[in-house]
Amino acid sequence: MVSFFIFLLLVAVTSAAASSDYSERLLLRPLPQSALLASFNFRSNESSASFEHQNFRYFPRSLGQILQHAHTKELHLRFSLGRWDADSWGQRPWDGTREGGTGVELWAWVDASSEEEAFSRWLTLTNALSGLFCASLNFIDGTKTIRPVMTFHPEGHHHNSSNLHLLHGTLPHEVVCTENLTPFVKLLPCKGKAGISSLLDGHKLFDASWQTMSIDVRPICAGDGSDCALEIEQNVDMVLDMDRSKRPRDNPIPRPAPIEEIACDASKPYNAEDTCYPLDKGEEPDWSLTDVFGKPIRGACPLTNSDGDGSETVCINVPPERSVQVNTKGSYVESKHAEDTMRCYQLPTGDDFDLMLPSQKMTTGLVRSQPPLTAARSINGHGQERGSIQAVITNPSLTEYVEFVYLESLPWFMKPYLHTLRARVSTSTENPVVETYYRPAVDRLRGTHLELLLRIPPVSTLTLTYDFDKAILRYTEYPPDANRGFDVAPAVIRLVSPQSQHSSRGTYLRTTSLLLPLPTPDFSMPYNVIILTSTVMALAFGNVFNLLVRRLVGADEMDAFGPRGIKGKLTGRLQRLMRAFKGKGGKAE
Amino acid sequence: MALISNLLALRRDPRILKLPPYLSALCIIVGVVWLLVLPLNEYSRNTYISENALLPGQVHTYFGGSEHNIFRAYRHEVAGLVGKPIEERSQRLGEIFKSSNLKVATQKYEYHASSRNVSGQNVYAVLQGPRADATEAIVLIAAWTNMDGEINHSGVALVLTLARYFKRWSLWSKDIIFLLAGDSTAGPQAWVDAYHDSHSPAAIDPLSIKSGALQGAVAIDYPAGPWGHRFDKLHVVYDGVNGQLPNLDLFNTAVSIASGQMGIGCTLQRMFQHDDSYQARLQTMLRGMISQGLGHASGPHSSFIPYHVDAITLQTVGDGWHDEMSLGRTLESLFRSLNNLLEHFHQSFFFYLLMQANRFVSIGTYLPSAMLLAVNFTITAIALWVASGRSDVPVANPASTSRSPAPKSEKAAGESEMTVLKTGSSIALIPTISLTITERHLFLPLTFIALTHFLALLPLYIFNNAPESLLDIAFNTTAVLTSILPTLAAYVLSIYHRPTQQEATLIQCFSLLLLGMFLSALATLNFSLSFLIGIFAAPLTFIRHIPLPTSPTSSILSKNRKPVSAVISLLLVAINPVIVIRAATLYWGKDIVEVLVQAAEGWHIFGLWTQVVVWLVWWPAWFAGGVVVARGMFS
Amino acid sequence: MSSVRDANASSNTKPAANDSHSPPPIIKAAIAKKQPPPETSESVWTRRWVIFSFWAVAIFLGLPVWWKATAIYRAELPLQTMTDWADGKICKPVFPLRIAVEAPALPLQDAQHLVRTTQHALDDLNEFSAHHLRLMLAAAPFANASQETVGTTNDNTIEPFRVPRDKDIALSIRMLPVESGSTPRSELQQYSPALDVYYTPNQIPPPSSTSSPLATFIANELHKVFAEEQATLAHLLSTTSTAHVSKIKSLSPEFSAELERQSTRAFKYAPTYHLTFSLFSPTSVPSDWEIESALQQYLTPLLESFSSISNFTVDTQVQLYATFSPSMRQPEFDAELNAWTLRKEDLSGFINAAEWPLSPSIGIGPTINFVLYVPDPSQSPLLVKENGGNSWLVPQWGGVRILNPTVSGGAPSTPAKLDKEALASAMHTFSDQLFSLLGVPQTPASLPLRLTTLTRVRAASLVFSASSTLSALARLYKALPSIPIPDTVAKSVDLTTAHLQLACNDLREGRFQGALENARVAEAEAEKAFFERSMVGQVYFPDEHKVAVYLPLLGPVAVPLVMAALKELKSFLVWIKRRE
């Protein structure tokens, strides 16, 4: 069902993109456990001619200039936070093509004549973007950049794809927050002042259980490659926890509700006025856009065309029996799709628009389509010098094999041993690894890049493990919070077969990022270390030196020098001098 | 600087052999005294929070109100589950977790130790922090049964309630894992092993849900029945397996929140009445040292510490006016503090001795005492080595400045014939004795020591694997055998007129050398164990093989050596490790079998190596000493 | 250890052994035995060699390695010349302008005489020696052609016949004899650097006379033409470098203030400027404009004429829902103007820097912003309160123009799309603003002249800024002895000085275009040298730290070495003393 309505959504949006050059759409979908999936989609495009002449209308000038300056033909930028809970929320929106790993992920096709040139342009691109989005993208340097082979394919139409270079970088530790959202919204023609973008609010967005912002720029051409246009697609997908989001901004603390408001299970024997077993009333909670997002939609964005699919900018995907009330002063149009599980609305221009869903006991629900693959990755073992990574990938399908690409991009200070790479399938003994692409790391220059083409038989689990060593970093290479550990970028998984039935972009999913503890020195101690080592060296030197230059006399003669101690030594030296004097005298005569 | 040259010069100084016994004695005395002065204000410090991120007790706590009603309900639920089959129990607990929208999973585990089956099932739920990215997690534990075997009613109920309450907060920057362990020791161990994938898949299920790296763990032990019980104090348990300790910051945070914010007093090491006197401090410290020395699992938290996950157990004790809500608020505040952590615990101390809830000594202060104990063995060993190189006939000290040398030594000097040496133009005439080189016969001593250590593997194996029914017999027989074994060995050797005086010295030398080495190394890992063994092994420094009377003028000891040796070896039996353990169990009124079973469980479940130290370090040293002495009984 | 006994020691033992019953000898023996033997001379010498070799290693290996390892590399810089440049000791910029006089109608001697007298008059007028006009008689081919066209005063027909002029000629005077009209009169060409002077033949000075009204007239005209340029240069010299002040007579304060204002308003010179034209609207309309064709028509020719000085890139954008910054006072309605007005003091806050995406373009060179603001129909027309104007200029940033929607019928309505005509007026405003932002002087009327003037002024200012940067670098070099100076810095410094020299020469010979080029390079190099990144790394590593690090190691090692050396020295001296 999800895939179906995404399919519908895609069709709608693409047709819209053809007719007008700006379109937007909001898709709402209640999920189990009182979660709400809100997925915003904005598209605008610029004819490549006016793009070349830098006459920007809907395409943001700041981004456009960056792309031209860095000779970037196609760009994909992701800001993500939290986890998509696949087994209770089902398949990912957009089949995971519009989301990234935790933190920031960026990949782009750069036009360059040589690898070096491509890399230098990549650096200029990351630096410029970091300025534009207030993210530390400029930390994507050589050690965090890889050149994937099998995982990513260009979405746009590139005609001179001979000298295009794909580069990919991630920042798992980057914390996505409001300062990234503001520039993101500024790129939109309606700037959150009108249209669905008026719902985007930092406080709500970053209180979500899962949220991802994406920017995709790609050239789209007519079949014969004529009249090309540059399309920018911006997505914001989030899963809001309704209980949390409905809490008023001024009183966000979840104080225990007064006992009257809690439904108690009176059937329990011990039920009393001071004892209450909470009963979850099995009905859909009531909510409205104003509750969840803190404000209603401020009318339609006038730039979208006022008729056709593109005009239905708000869609909600609920069972037909669910009652949905619209609250607006303006005029709106409601239309139903996909046997009424999908209701879309044309927004009134200039008037607020709000959707209200009363709490309701449901008899039917929407079918949740299972994700084709689930993956979990973790670091095993403990200790300072080595560990091992384990990825567990399950193919729930009963019938068909799943073939997919598994991409790992590891930091250089994590040194995997490829010979320890083991891929076991629970049901069969055949080796699931079809193809391997491995580019080993070089200390302080580049990270490890591992791509595997794997194959899982139906209803079976693949366990992928490999060992690694932890390098010891230099004193200055540690970040300020060294003892937190170092984040390892999520692994990217792309399905090769079965092909996703409703988009050419394929199906992606990503594991969570990992925290790799490295041996950390005590940073308060360098001077003590210097002192200690020097003392030891000095001690050794002193002993050797003394052995070489001291004169050794018999143990019994030691007594001659009377009591030990400084005084004794001094007198002893004196006497020895005199004796030497005498001895010479003896020899002389 | 002149170290080496001086040593070389001193090598033949006869005084060097008279000194060591006194030196060793001094080391032992200083070491013990050192430990005894630690509780004084001058040598111990007040605890303090050194990780700024923790901000203990800086947050308002809101746990209360209707949560209290829900808590009572859950406690009734838990009470209803007592005696139900394990599957039903965990399934029901899982449902309660599910009802507050958490991801739940269960884990079966089964251990075999000394024909005992330790099996059970863990239920745990993961709260995915809204601000978290699955890289870090903190654990809240309640074992179904606590260390004393009581059902942990309120503890489990509290965890369920807190899970429901925490879920509503949006500020968690780490995942929170709520673990309801099947029991207090094996359950958490199985869980944490599986979490780090170092478990034996045969006996323990893998975990179906995992989160990020564990940053800390807190266990609740609150065995109040369905009608509740108000407690007086919190008893903070912190010893880990093999005497590893959690970071002191975690302990301090818990104490400062409980006592500072909630006004709940904190005790440790079962010192429930602790007037801040010297005796009380010393007693607390010694108790701490003993439980650290034993290195057994003292609570659900113990299993986490070997994985560098700092953990403590909060145990409610006494009758007072604090109720479950104040405990809940303590935990809320504690978890808010842990949630603030930006980095893994690293600031404060990992090696410390606590003598009160807010008073401690750090490793820098206490380590010397154990080191001194260890050093005394080494000193004696060196001395014995030097002695073994001496010829039995004493050399007259040619350089003695004393006006009146003892007559016989003068005579010896007179009778000793001279040798003439010529080098170049210079001629030397010196007593021959001082030129003769006495060579050491190393074969027997080395083989003896090696064999002893191999012999010790036998009891180690037996006690780890013998079924429970046989343990008692096994122990007593071992006690008897080990006690008479030295005498036997000595007798057998004496048939072959071995070991000679020198070999005896060498045997003792090597055993003491090893002992000193092991103990000094051990002191840095498990101070208490090293110290205790050092104390018990101290007498081994001073026993000697009593030589045959060489001349009528030789000492009284050597004249009637047989009775003396007999007496000493009898005395030695008293410090036979086995006997000592037996005595300890009697003193604390523990059942020896129980102790042994626990040790075996420790060996199989927790990877405890206390018994290794006992059998492979302590016992061989004692045995060698015994043989050396007992040799004196046979001519 | 030495178990060797000395001979006499052993001889003493014997009696001790024999008569053992008598204690005294034993004691004596014991005492006698105590003296250790003297050490042999070779052992003494080995000891000395050992100590000596230790010292040798320390001095000849240790010290150099340590020195090499811890030294900071500082490339040599020509400090003196750098400071000299700043003080203007090396180059005193002069601006000799060549002015060709074309007098086809005159006989040669007369023309030469006229030129001479005019030159005299000029030199008398000119009070700024550095800037000085030199008249010269242009060879006039096609005399006849020019003669027959003389009648017609229309230049356009003359254009094709004009001889291609040498680039270094700043201005050419064409002497055109006429009969009618008031003479002498002059007229400056709009689009070419030429000054036409009309005279009646009788005004030609006789060879005898040293001065003539015609000559003084021409001189005055010329002086008028170049007055502003002179003033600007003079002002530049006086402000930027101390060395020149002496020779310049003070300008009138208000005039210099005016110049000051112009220079502050104008952008710093750059080889490339980015022009950004933005359409802002508080509503959703107009969302489109015919900017492309408008630029083609109004701006492109202008930019081409600038191409000799700088290059330009142009980009445009449309920004909707652009609100004022909340801090700014909102426009208020003015009844008698019947318009919404902004106060002058609020204009600075008009640009909502936080919200409006006016980030500078990527790439080197400053960005000049031109903002076209279409107010909300409810708030139009929007004017500036004080002067009722609708456009203003933000110094060193760009220009703003408020485009009030045309009042169609009763209410003002904004079109969804602005066409070229609607943009025309705005484009004119923008081009004027562009001129003043680039620092193009107001006078004279002739555009080429103004541009060449700009060339000279820019060249001079670049020379000055480059040399001041040099001196700053020199001061830095002297002030911070602990910073490393890589070779690249030295190289760019050399390049800078070289190009400065070239620029200076070009100025002297009046090749202003070349001067500009060289000055440009010099400036760039100077900046590069000054902002070298690797220079600032070491600054915060004080010497105390070094001591703290070295002492623990060197101390304990040094002490025994020194002690042993002293001891040996002592014994050696004793030995020496013993020798004689």
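An unreviewed UniProt entry annotates chain C as GPI transamidase component PIG-S originating from Delitschia confertaspora ATCC 74209. Under the UniProt heading Sequence similarities (unreviewed entry), the entry covering chain C gives this text: "Belongs to the PIGS family." Under the UniProt heading Pathway (unreviewed entry), the note attached to chain C is "Glycolipid biosynthesis; glycosylphosphatidylinositol-anchor biosynthesis."

You'll find chain B entered in an unreviewed UniProt entry as Glycosylphosphatidylinositol:protein transamidase, GAA1 component, with Delitschia confertaspora ATCC 74209 given as the organism.

**Considering unusual backbone geometry**
Positioned with a positive phi, D95 of chain A is a non-glycine residue whose angle comes to about 55°. Looking at where D95 of chain A falls in the secondary structure, it is placed in the loop between α4 (86-89) and β5 (103-111). Residue classification places D95 of chain A among the buried residues on the basis of a relative accessible area of 3%. Here D197 of chain B, not a glycine, exhibits a phi torsion of approximately 55°, which is positive.

**Concerning the sheet that holds strand β26 (residues 492-497) of chain A**
All names here are of chain A. Taken in spatial order, the 5 strands line up as β22-β23-β19-β26-β27 in an open sheet, and their pairing is antiparallel. Looking at strand neighbours, the two that pair on one side only are β22 (433-439) and β27 (507-510), the edges of this open sheet. Neighbour to neighbour, the strand axes of the sheet diverge by 20° on average, direction disregarded. Of the pairings in the sheet, the one linking β22 to strand β23 (residues 448-456) comprises 6 bridges and is antiparallel in character. Counterpart to T436 in the pairing with β23 is L452.

**With respect to the interface of chain A and chain B**
Facing 54 residues of chain A, the contacting portion of chain B comprises 50 residues. A buried area of about 4600 Å², summed over both sides, lies between chain A and chain B, and 54% of it is on carbon and sulfur atoms. A per-residue breakdown of the area chain A buries against chain B is headed by R83, P256 and N483 of chain A, which together make up 14% of the total. Joining chain A to chain B, the criterion identifies 6 salt bridges. A salt bridge links K103 of chain B to D85 of chain A; its shortest N-O distance comes to 3.1 Å. At the boundary of chain A and chain B, one finds 19 residue pairs in polar contact (both at pLDDT 80 or more). Elements with a minimum of two residues in the side of chain A that touches chain B: β17 (374-380), β28 (514-516), α10 (526-549) and α11 (555-558) of chain A. A per-element tally of the side of chain A that touches chain B places α10 of chain A first, with 5 residues. The residue makeup of the side of chain A that touches chain B, split by class, is 22 nonpolar, 15 polar and 17 charged.

**So, a nonpolar patch on the surface**
All names here are of chain B. A cluster of nonpolar side chains, L19, L23, L26, V30 and W34, forms an exposed patch at the surface whose accessible area comes to about 420 Å². Note on placement: V30 falls in helix α2 (residues 15-37). By relative accessible area, V30 is classed as partly exposed at 33%.

**With respect to the pairing of strand β21 (residues 422-425) of chain A**
Residue and element names in this part refer to chain A. On β21, burial follows the alternation: A423 and V425 on one face are buried, whereas R422 and R424 on the facing-out side are not. Bridge count between β21 and strand β24 (residues 460-470): 4 bridges; the pairing is antiparallel. Considered in β24, the bridge of R422 is made with T465.

**Section: the environment of V578 of chain B**
Residue and element names in this part refer to chain B. Mapped onto the fold, V578 is located in helix α18 (residues 577-587). Classification of V578 by relative accessible area gives buried; the value is 3%. Residues V578 and V480 lie 98 residues apart in sequence; the distance between their C-alpha atoms is 9.0 Å. Ignoring anything within four residues of it in the chain, the contact list for V578 reads F475, A479, T482 and W615.

**Looking at the packing of aromatic side chains**
Here the structure, examined in full by the defined rule, presents 68 aromatic pairs over all chains. On the basis of an interplanar angle of 55° and a centroid distance of 5.8 Å, the ring pair of Y345 of chain A and F353 of chain A is categorised as tilted. Both rings, one in Y165 of chain B and one in W169 of chain B, keep their centres 6.2 Å apart while their planes meet at 85°; by these two values the pair is edge-to-face. The class of Y165 of chain B is buried, set by a relative accessible area of 0%. The exposure class of W169 of chain B is buried, given its relative accessible area of 5%. Positioned above the aromatic ring of W169 of chain B, the side-chain terminus of R336 of chain B is 5.1 Å from the ring centre. Above the plane of the ring of W45 of chain C lies R48 of chain C, whose end atom (NZ or CZ) is 5.0 Å from the centre.

**Considerations on the pattern of salt bridges**
Across all of its chains, the model carries 46 salt bridges over all chains by this definition. Across the pair R61 of chain A and D315 of chain C runs a salt bridge, and its minimum N-O distance is 2.8 Å. Placement of R61 of chain A in helix α3 (residues 61-69) and of D315 of chain C in strand β8 (residues 311-319) is noted, with the two residues assigned to different chains. An identical accessibility class is assigned to R61 of chain A and D315 of chain C; each is buried. A salt bridge links E155 of chain A to R98 of chain A; its shortest N-O distance comes to 3.0 Å. Residue E155 of chain A is located in the loop between β6 (145-146) and β7 (164-171), and its partner R98 of chain A is located in the loop between α4 and β5; the two are separated by 57 residues in the primary sequence. Each member of the pair E155 of chain A and R98 of chain A is classed as buried. Because the salt bridges share partners, they merge into one network encompassing R43, R78, R98, E155, D216, R218, E231 and E233 of chain A.

**What about the nonpolar core?**
Formed by 181 residues in total, the largest nonpolar core has its most connected members in F40 of chain A together with L222 of chain C. Looking at this core, the element that brings in the most residues is helix α13 (residues 447-479) of chain C, giving 15 residues. Discounting chain neighbours no more than four positions away, the residues touching L222 of chain C are I99, L122, L133, L135, L171, I173 and L195 of chain C. Membership of the second largest hydrophobic core comes to 73 residues, among which are Y62, L158, L234 and C266 of chain B.

**Overview of the sheet that holds strand β4 (residues 185-188) of chain C**
All names here are of chain C. Strand order across the open sheet formed by 5 strands is β2-β1-β3-β5-β4, with mixed pairing between neighbours. In this open sheet, the two edge strands, each paired with only one partner strand, are β2 (131-137) and β4. For this sheet the average axis-to-axis angle between neighbouring strands, irrespective of direction, equals 25°. Pairing of strand β1 (residues 95-102) with β2, which is carried by 7 bridges, proceeds in the parallel orientation. From the neighbouring strand, A100 faces β2, where its bridge partner is M136.

**Considering the confidence of the model for chain C**
All names here are of chain C. Mean pLDDT over chain C stands at 75; residues scoring 70 or higher make up 83%. Per-residue pLDDT stays below 50 along residues 1-33; that stretch engages in 32 contacts with residues further than four places along the chain or on separate chains. Note on residues 141-165: pLDDT is under 50 here. Beyond four places in sequence and across chains, it has 23 contacts. The ipTM for the predicted assembly is 0.77, set against a pTM of 0.82.

**Some thoughts on the state of the cysteines**
Residue and element names in this part refer to chain A. Tallied over the entire structure, the rule returns 4 disulfides over all chains. Between the sulfur atoms of C190 and its disulfide partner C301 the distance amounts to 1.7 Å. Residues C190 and C301 are joined by a disulfide whose S-S torsion is about 65°; by sign, that bridge is right-handed. Of this pair, C190 sits in the loop between α6 (178-186) and α7 (202-205) while C301 sits in the loop between β11 (297-298) and β12 (312-317), placing them 111 residues apart in sequence.

Each value, and the rule that gives it
Residues numbered from 1 in each chain as written. Chains lettered and ligands numbered in written order. Predicted model: local features only at pLDDT ≥ 70, side-chain atom pairs only at ≥ 80, totals over all residues. Heavy atoms only, no water. UniProt positions renumbered as here; feature names shortened; annotations may be inferred. Helix = DSSP H or I, 4+ residues; strand = E, 2+ residues; numbered from the N terminus. Buried < 20%, exposed > 50% of the residue type's maximum accessible area, 1.4 Å probe, protein only. Pairing = 2+ DSSP bridges. Axes fitted to C-alpha atoms, helices over the stretch in contact; angles between N-to-C directions. Contact = heavy atoms within 4.5 Å. Buried area = accessible area lost by both parts, 1.4 Å probe. Salt bridge = Lys/Arg side-chain N within 4 Å of Asp/Glu carboxyl O. Polar contact = N/O pair within 3.5 Å; in protein donor to acceptor, adjacent residues only side chain to side chain. Nonpolar A, V, L, I, M, F, W, Y, C, P; charged D, E, K, R; others polar. Patch = residues over 30% accessible without salt bridge, like charges linked within 9 Å, V, L, I, M, F, W, Y side chains within 5 Å. Areas by Shrake-Rupley, 256 points an atom, 1.4 Å probe, with all protein chains shown as cover. Phe/Tyr/Trp six-rings, centres within 6.5 Å; stacked < 30°, edge-to-face > 60°. Lys NZ or Arg CZ within 6 Å of the ring centre and 35° of its normal. Core = buried A, V, L, I, M, F, W, Y, C linked by side-chain atoms within 4.5 Å. pLDDT = per-residue confidence, 0-100. Disulfide = S-S within 2.5 Å.

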